[in-house]
Amino acid sequence: MLMIPCPWCGERAEVEFAYGGEGGLSRPVVPGDLSDGEWADYVYFRKNPKGTHCELWHHLHGCGRYFEVVRDTVDNKVHGSAESGSDIRGVSDVKKV
Amino acid sequence: MQRYSAFSLVRHALSEHKHWRRAWRSPAPKPRYDAIIVGGGGHGLGTAYYLARHHNLKNIAVLERGWIGGGNTGRNTTIIRSNYLQEESQGLYELARKMWETLSQELNYNVMFSPRGVLNLCHDEHELKGLRRRVFANQARGVRGEFLTPREVKQFCPPMRVDCPRLPVVGASLQRNAGTARHDAVAWGYARAADRLGVDIIENCTVNGFDIRDGAVRGVRTTRGDIAAPKVALVPAGHAGVLANLAGFRLPIESRPLQALVSEPVKPCLDTVVMSGAIHGYVSQSDKGELVIGGGADSYNGYSQRGSPHVLAGSIAAVCHLFPQFRRLRMLRSWGGVVDIAPDASAILSAAPVGGIYVNCGWGTGGFKATPGSAFAFAHLVAKGEPHLKGRAFTLARFATGRLIDEHSAAAVAH
Ligand SMILES: Cc1cc2nc3c(=O)[nH]c(=O)nc-3n(C[C@H](O)[C@H](O)[C@H](O)COP(=O)(O)OP(=O)(O)OC[C@H]3O[C@@H](n4cnc5c(N)ncnc54)[C@H](O)[C@@H]3O)c2cc1C
Ligand SMILES: [Zn+2]
């Protein structure tokens, strides 16, 4: 089982969380300006990397908050986590918990 | 190639089985092919076979990073059925299911297709409504399916408890001509038949780059050198996103761990396949006597070929609710694969945004059953550049037009 570091509650077992998919996506401000292809890209297309992945987790059975985690999808090592929206995608300056 | 038959078995028995020849060659890669298939699972090997067989393309290579069938093809729990909800899916999965019936003869290789029936259980009123809708949708389009009451379920599958207080079985669908097959045999059978038609099967050969010029593919870079080809068909299952990334485009695919496990072998005790979407578990008994158990995919993206133990524990608990007598069995081994899940839980058979590249992926947790149909339709697409009638709805265009093929209820947990 993964151990997920919630920035508020610390490291907790995966079963307390719900996975939220790729992190750092923001909804286009004016969807009407997008072509169908661009909209599809936002809604459906994902990076799905083999390696470092920035993703959302939801501490469903805990504090209830969403936050971002940087995890390696091959060895499952978690490199850090931070409040959602704070840019942790540059892994080096990740706040370690 | 030597044909396999009762006669050849007897003949080789007389010389103590010392003179069987290897089933396929192991050639070094040539500098150029007419078409390259990336990924030596069932779908990739099948694609090569149908390209050579029906489309008169003979100079083909299948490049496999590890050993053929070592991906999801050799890791799956082999459930074969076609009782999906949407018309498009029924067309493709039923084409495949029909092909399973004669695949052993076609390939001269026993794939051990065993139409032992597949039961899909439901445990509450809402599920019951959904399941009935699916049965009617199947019947309307010529896919075999019937609805069973709890009593009929018990008659059809006596070892199962239908009156478990926590999870009463309130009904089930049954597809009698569905069942299981031998997973490895599918890879080996297609490999042998393709090899006989001149296809080069090249193992231990990882594709790690593409030669793309003016928006069209010219070849691939591999750990065994550069290989030129005007057509490259990607059939890499969980690694679809990785290859797309190397070729400079994106896919609507997320790769997740999916696990399964088998028990110690026991005498025949279960002669059908039992699945329950609500409790995330399914079980069948292999010809070796092992109970083959699986469940839902892990929630997070992962390429580790292993998942979290609590997911497996959940599947085991579910199966033990339905079959309390299995509680005392010891488990032999568990494993995981990397499954390629699309947003609508349906496959992608499509030309890619790069000229000459085609992708076959998105089979996710349930593509073994589709192997012959997928390979057949995909070979048509690769050869002609136009989708096969049965594969037409499965292109990448659907994500922009919104014509998704939503199979979450039929595919998400059920395989
Ligand atoms: C535990 C589990 C249970 C399942 N149960 C069922 C079931 O009961 N019924 C069902 O219908 N389906 C089931 N499935 C799904 C099914 O296994 C797959 O959908 C199907 O086997 C996919 O076949 P494939 O040939 O596309 O992929 P694979 O067999 O995975 O083949 C893809 C190949 O591509 C190779 N490859 C990847 N990247 C590269 C590269 N860069 N260069 C060269 N080669 C590369 C891989 O090594 C791999 O061998 C299950 C899957 C799992 C993991
Ligand atoms: Zn928390």
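Refer to the structure above for everything that follows.
The structure contained in this document is the topic of the report that follows. Keep in mind that this is a model prediction, so the values were computed, not measured.

What to know about unusual backbone geometry
What is expected of a backbone is that most residues other than glycine have negative phi and most peptide bonds are trans.
Argument step 1. The backbone of Asn48(A) sits at a positive phi, close to 50°, despite the residue not being glycine.
Argument step 2. Residue classification places Asn48(A) among the buried residues on the basis of a relative accessible area of 2%.
Argument step 3. Positive phi, close to 60°, is recorded for Ala345(B), a residue that is not glycine.
Argument step 4. Among the residues examined, Ala345(B) registers a relative accessible area of 17% and is labelled buried.

Quick look at the packing of helix H3 (residues 87–107) of chain B against helix H9 (residues 371–384) of chain B
All names here are of chain B.
Argument step 1. Between H3 and H9, the shortest axis-to-axis distance is 6 Å and the interhelical angle comes to 110°. With respect to H9, the element H3 is oriented roughly perpendicular. Facing H3, whose interface residues are Leu 92, Leu 95, Ala 96, Met 99, Trp 100 and Leu 103, H9 presents Thr 371, Pro 372, Gly 373, Phe 376 and Ala 377.
Argument step 2. Its residues assigned to classes, the contact of H3 with H9 comprises nine nonpolar, two polar and no charged.

Some details on the site of ligand 1
Residue and element names in this part refer to chain B.
Argument step 1. Residues in contact with ligand 1 amount to 39 residues; listed here are only the nearest, Glu 64, Asn 72, Thr 73, Thr 77 and Lys 369.
Argument step 2. Gly 42 is positioned such that a nitrogen or oxygen atom in its backbone is 3.2 Å from an oxygen atom of ligand 1.
Argument step 3. A distance of 3.2 Å is found between an oxygen atom of ligand 1 and a backbone nitrogen or oxygen belonging to Gly 366.
Argument step 4. In isolation ligand 1 exposes 1,000 Å². Once the protein is present, 97% of that is buried.
Argument step 5. Those elements that provide at least two residues to the shell around ligand 1 are helix H2 (42–54), strand E13 (254–263) and strand E17 (331–341).
Argument step 6. Residue contributions to the shell around ligand 1 peak at three residues, all from E13.
Argument step 7. Its residues assigned to classes, the shell around ligand 1 shows 15 nonpolar, 20 polar and four charged.
Argument step 8. No fewer than three residues from each of domain 1 (25–78 + 183–253 + 344–401) and domain 2 (114–179 + 254–341) sit in the shell around ligand 1.

Re the interface of chain B and chain A
Argument step 1. With 25 residues of chain B at the interface, the matching set in chain A holds 22 residues.
Argument step 2. Carbon and sulfur atoms make up 53% of the surface buried where chain B meets chain A, a total of about 2,100 Å² over both sides.
Argument step 3. When the area that chain B buries against chain A is broken down by residue, the three leading residues are Arg250(B), Tyr300(B) and Tyr303(B), summing to 31%.
Argument step 4. Put simply, chain B and chain A have one salt bridge between them.
Argument step 5. Here Asp41(A) makes a salt bridge to Arg250(B), at a shortest N to O gap of 3.2 Å.
Argument step 6. On the surface where chain B and chain A come into contact, there are 12 residue pairs in polar contact (both at pLDDT 80 or more).
Argument step 7. Residue assignment for the side of chain B that touches chain A shows that the elements contributing at least two residues are helix H7 (240–247), E13, helix H8 (309–322) and helix H10 (398–401) of chain B.

How each quantity is defined
Residues numbered from 1 in each chain as written. Chains lettered and ligands numbered in written order. Predicted model: local features only at pLDDT ≥ 70, side-chain atom pairs only at ≥ 80, totals over all residues. Heavy atoms only, no water. Buried < 20%, exposed > 50% of the residue type's maximum accessible area, 1.4 Å probe, protein only. Axes fitted to C-alpha atoms, helices over the stretch in contact; angles between N-to-C directions. Helix = DSSP H or I, 4+ residues; strand = E, 2+ residues; numbered from the N terminus. Parallel < 35°, antiparallel > 145°, perpendicular 65-115°, else oblique. Contact = heavy atoms within 4.5 Å. Nonpolar A, V, L, I, M, F, W, Y, C, P; charged D, E, K, R; others polar. Near = heavy atom within 4 Å. Polar contact = N/O pair within 3.5 Å; in protein donor to acceptor, adjacent residues only side chain to side chain. Areas by Shrake-Rupley, 256 points an atom, 1.4 Å probe, with all protein chains shown as cover. Domains from an automatic or database assignment. Buried area = accessible area lost by both parts, 1.4 Å probe. Salt bridge = Lys/Arg side-chain N within 4 Å of Asp/Glu carboxyl O.

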